[in-house]
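What follows is each chain in one-letter form.
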Amino acid sequence: MPHQRQSHLATFAFILSALVLPSVAHAQAYNCAVPADLPVPRADGPSADQPQRLLPIGSYTLAISWAPQYCHGNARDASARFECGSGNRFGFTLHGLWPDGEGEKWPQYCRAADILPAPVIRENLCATPSAQLLQHEWAKHGTCMSDSPKAYFERSTRLFARLRYPDMNALSRRRLTAGQLASALARANPGISADMMRITANRQGWLEEVWLCLDIQTRFARCPAHQGGLAPDKPVKIWRGAR
């Protein structure tokens, strides 16, 4: 089937790129097979804790998640079956492209969001391996940025596809600080510097996400002071699973 052929081609492309540039990973869906029967997400919308905010956009954040750590803590959850089971394997995945405000608050849930069409889910499931997360990203963030989910996800996956990655397996075996990890990611991506990203970790210090800061033209830019994340001198550990 076409989607199976595409997943096989993606795997081949990763292997080929690894042979050409062994120190830099060009793809993060190491193995991804989209099922014939797609999960149907539930509706997502504002709540008392997460209200609608209609604010002007001042910049953006591209958030990527470290899948081995996510699966370490969530592999038994039914919602994680596609990402963490079924023979699939991921490195970094796309959490989402978020609009930031002109200050510390950001716009969210700008209008009601319909359930995502199956073709949109199918096209994006190997970048963001959760139908429910795709629905959430469109509802919370995409509705503030685009008139259609297809256009929103094309924009975010285009930015995600440009990223390159250092040897995360080798880094996982070192004593590492957030600043050193950011510098390693910056070296793999000419034009991006360590101060254009924030590293986040759980309470035990294990890497969860990298947030890359972008300006209003979606060009990578220095992060604002309020962006959060670990201080550069804070230790961070990388879960690599059984590898």
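In what follows, the accompanying structure is described. In this text, all values refer to a predicted model and were calculated from it rather than measured experimentally. (Residues numbered from 1 in each chain as written. Predicted model: local features only at pLDDT ≥ 70, side-chain atom pairs only at ≥ 80, totals over all residues. Heavy atoms only, no water.)

Things to note about the pattern of salt bridges
Okay, step 1: In this structure the tally under the stated criterion is four salt bridges.
Okay, step 2: The partner of K150 in a salt bridge is E154, and the shortest N-O contact between them spans 3.3 Å. Here K150 and its partner E154 are both found in helix α6 (residues 149-162), four residues apart, which amounts to about one turn of the helix.
Okay, step 3: On the basis of relative accessible area, K150 is assigned to the partly exposed category, the value being 40%.
Okay, step 4: Judged by relative accessible area, E154 falls into the partly exposed class, the value being 39%.
Okay, step 5: Notably, a salt bridge pairs D195 with R222, separated by 3.7 Å at the nearest N-O pair. In this pair, D195 is assigned in the loop between α8 (178-188) and β5 (197-201) and R222 in the segment after β6 (207-214), connecting sequence segments 27 residues apart.
Okay, step 6: Three or more residues are tied together by salt bridges with common partners; here these are E123, K150 and E154. (Salt bridge = Lys/Arg side-chain N within 4 Å of Asp/Glu carboxyl O. Helix = DSSP H or I, 4+ residues; strand = E, 2+ residues; numbered from the N terminus. Buried < 20%, exposed > 50% of the residue type's maximum accessible area, 1.4 Å probe, protein only.)

Quick look at the nonpolar core
Okay, step 1: Core analysis: the biggest nonpolar cluster contains 52 residues, and L163, L181, I199, L207, V210 and L212 have the highest contact counts within it.
Okay, step 2: If you tally residues by element for this core, the top one is α8, at six residues.
Okay, step 3: Excluding its chain neighbours within four sequence positions, the residues that come into contact with I199 are A178, L181, A182, L185, L207, E209, V210, G229, L230 and V236. (Core = buried A, V, L, I, M, F, W, Y, C linked by side-chain atoms within 4.5 Å. Contact = heavy atoms within 4.5 Å.)

Observations regarding the packing of aromatic side chains
Okay, step 1: Across all of its chains, the model carries seven aromatic pairs by this definition.
Okay, step 2: With a centroid separation of 4.9 Å and 55 degrees between ring planes, the pair formed by W66 and F92 is classed as tilted. Here the residue W66 occupies a position in strand β2 (residues 59-66), and F92 occupies one in strand β4 (residues 92-100), the gap between them amounting to 26 residues.
Okay, step 3: Taking relative accessible area as the criterion, W66 reaches 1% and is therefore assigned buried.
Okay, step 4: Relative to Y152, the ring of W138 lies with its centre 6.2 Å away and its plane at 45 degrees, an arrangement referred to as tilted. Separated by 14 residues along the polypeptide, W138 in helix α5 (residues 131-140) and Y152 in helix α6 bring together distant segments of the chain.
Okay, step 5: The buried category is assigned to Y152, whose relative accessible area is 1%. (Phe/Tyr/Trp six-rings, centres within 6.5 Å; stacked < 30°, edge-to-face > 60°.)

Brief notes about the side chain of Q132
Okay, step 1: Here Q132 shows up in helix α5.
Okay, step 2: The class of Q132 is buried, set by a relative accessible area of 19%.
Okay, step 3: In this structure Q132 touches P41 and R42, once residues within four positions along its chain are discounted.

Some thoughts on the pairing of β4
Okay, step 1: Of all nine residues in β4, nine are buried, a share of seventy percent or more.
Okay, step 2: Inspection of the sheet shows β2 paired to β4 by eight bridges, in the antiparallel sense. Across the sheet, the residue bridging to L62 is L97, located in β4. (Pairing = 2+ DSSP bridges.)

Some remarks on the packing of α5 against α6
Okay, step 1: Running from N to C, α5 and α6 cross one another at 105 degrees; their axes reach a closest spacing of 11 Å. The angle between the axes of α5 and α6 places the two elements in the roughly perpendicular class. Residues L134, E137 and W138 of α5 pack against P149, Y152 and F153 of α6.
Okay, step 2: Here the residues of the contact of α5 with α6 are counted per class, giving five nonpolar, no polar and one charged. (Axes fitted to C-alpha atoms, helices over the stretch in contact; angles between N-to-C directions. Parallel < 35°, antiparallel > 145°, perpendicular 65-115°, else oblique. Nonpolar A, V, L, I, M, F, W, Y, C, P; charged D, E, K, R; others polar.)

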